[in-house]
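Coordinate inspection notes
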There are 2 protein chains.
Amino acid sequence: MYICLIYTFMLYSSELIKGTLKTIILKLLADNNRMYGYEMTQRVKTATANKIEITEGALYPTLHALESEGLVTTEIEYIGKRVRKYYKLSPDGAKRSQEKVNELADFMNTMKFLLDIKPKTT
Amino acid sequence: MYICLIYTFMLYSSELIKGTLKTIILKLLADNNRMYGYEMTQRVKTATANKIEITEGALYPTLHALESEGLVTTEIEYIGKRVRKYYKLSPDGAKRSQEKVNELADFMNTMKFLLDIKPKTT
DNA sequence: TTTGATGTATAAGTAAGTTATGTATTATTT
DNA sequence: AAATAATACATAACTTACTTATACATCAAA
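In short, a report on the structure.

Cut-off values and rules
- Residues numbered from 1 in each chain as written.
- Chains lettered and ligands numbered in written order.
- Predicted model: local features only at pLDDT ≥ 70, side-chain atom pairs only at ≥ 80, totals over all residues.
- Heavy atoms only, no water.
- Contact = heavy atoms within 4.5 Å.
- Buried area = accessible area lost by both parts, 1.4 Å probe.
- Salt bridge = Lys/Arg side-chain N within 4 Å of Asp/Glu carboxyl O.
- Polar contact = N/O pair within 3.5 Å; in protein donor to acceptor, adjacent residues only side chain to side chain.
- Helix = DSSP H or I, 4+ residues; strand = E, 2+ residues; numbered from the N terminus.
- Nonpolar A, V, L, I, M, F, W, Y, C, P; charged D, E, K, R; others polar.
- Buried < 20%, exposed > 50% of the residue type's maximum accessible area, 1.4 Å probe, protein only.
- Lys, Arg positive; Asp, Glu negative; His and termini not counted.
- Near = heavy atom within 4 Å.
- Least-squares fit on C-alpha atoms with pLDDT ≥ 70 in both.
- Axes fitted to C-alpha atoms, helices over the stretch in contact; angles between N-to-C directions.
- Parallel < 35°, antiparallel > 145°, perpendicular 65-115°, else oblique.
- Left-handed = near helix turned anticlockwise from the far one by under 90°.

This part covers the interface of chain A and chain B. Between chain A and chain B, the residue contacts involve 36 residues of the former and 35 residues of the latter. Both faces considered, chain A and chain B share a buried interface measuring about 3,400 Å² in area, 73% of it formed by carbon and sulfur atoms. Linking chain A with chain B are four salt bridges, by the criterion used here. Between the two partners, chain A and chain B, sit four residue pairs in polar contact (both at pLDDT 80 or more). Looking at the side of chain A that touches chain B, the elements with two or more residues in it are α1 (14–18), α2 (21–32), α3 (37–47) and α5 (91–114) of chain A. With 14 residues, α5(A) is the single largest residue contributor to the side of chain A that touches chain B. A breakdown of the residues in the side of chain A that touches chain B according to their chemical character gives 19 nonpolar, seven polar and 10 charged.

By the secondary structure assignment, B:Glu103 is in helix α5 (residues 91–114). One buried charged residue, B:Glu103, remains without a salt bridge, the closest side chain of opposite sign being B:Lys100 at 4.5 Å.

Another point: the side chain of A:Thr23. Tracing the backbone through its elements, the reader meets A:Thr23 in helix α2. Among all residues touching A:Thr23, those that are not within four sequence positions of it are A:Lys100, A:Val101, A:Leu104 and B:Leu115.

Taken together, 25 residues surround DNA strand D, and among them A:Tyr38, A:Arg84, B:Lys18, B:Thr55 and B:Arg82 come closest. By atom count, sugar and phosphate contribute 72% of the portion of DNA strand D lying within 4 Å of the protein. Separating a phosphate oxygen of DNA strand D from a backbone N or O atom of A:Gly37 is a distance of 3.4 Å. At 2.7 Å, a side-chain N or O of B:Thr55 approaches a phosphate oxygen of DNA strand D. Of all the secondary-structure elements, those providing two or more residues to the surface near DNA strand D are α3, α4 (56–68) and β3 (82–89) of chain A together with α1 (14–18) and α4 (56–68) of chain B.

What follows is about the relation of the copies chain A and chain B. Superposing chain A onto chain B takes a rotation of 180 degrees combined with a translation of 0.0 Å along the rotation axis, leaving an RMSD of 0.0 Å. On the angle and the small slide along the axis, the relation comes out as a two-fold axis. Closest approach to the rotation axis among the C-alpha atoms of chain A is made by A:Met108, whose C-alpha sits 3.3 Å away. Mapped onto chain B, 97% of the interface residues of chain A again fall at the interface, so both copies present the same surface.

This brings us to the packing of α2(A) against α5(A). The relative placement of two packed helices comes down to the angle between their axes together with the axis-to-axis distance. All names here are of chain A. Contact geometry of α2 with α5 gives a least axis separation of 9 Å together with a crossing angle of 125 degrees. When the axes of α2 and α5 are compared, the pair comes out oblique. Crossing of α2 against α5: the hand is left-handed. Contacts from Lys22, Thr23, Leu26, Lys27 and Ala30 of α2 reach α5 at Gly93, Arg96, Ser97, Lys100, Val101 and Leu104. Split into classes, the residues belonging to the contact of α2 with α5 amount to four nonpolar, three polar and four charged.

Structural data, given as structure tokens:
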């Protein structure tokens, strides 16, 4: 007797995640005081059961953009000889975080209505 | 005495809508047998209270892409002298429509969980 | 008669990603 | 001991899916 286990790594098509990265980062920082980039990728990966994987090529430019917009501040620390860059929300960033999450929530409600998606019955 | 009415046209930032256009079109066609492009833009506009406005520059290339992928078929009709192009789902398109809607629903549930968004209490 | 709505289409430019590559340290496996 | 994987940052080249602008044409309304 064979037992066949198929693990489907149902990663979302990338267009979907596209508009949401900044919102995700800002929300993570709103909840966690400070985080570093690699930590964010791991947090999102485990929190979504591998459904959302943030690539470094997307993450770091976005973090730099948030910094240059004044929405986050940074602190560099050394773990042994390895550099680690912590990000923290500025007051503007905290405000923006809420706005972005609210906008996304509103958008998702609109889309659910438009696509006639029923709430999960779990 | 002045009465000041401010209408806020809270259009979503375009990155959000970005990944969802094909899904919206396929779902419209799944529900309506056949539709033409302009009709789709109006339907979405009114159904979302002007929150989502599909631009022609996005719509028509996407419709052409769907056609060349074999997901929709077209019929041309004349209203007076004015041309109108109707789109209809192919069997593949009907299947894809369901898949896309399911994927988006799944994605939105994941995002709601990740961003700790509470269901609306209305 | 000219503006707005209806209707389709494409070209140029942009934003936000992907993919690939690079560098370096530390832990784990063979 | 050496190779591989994980940790940690970063950037360059490319792609995708849009936006913005333009174009053309018909028909209704001001």
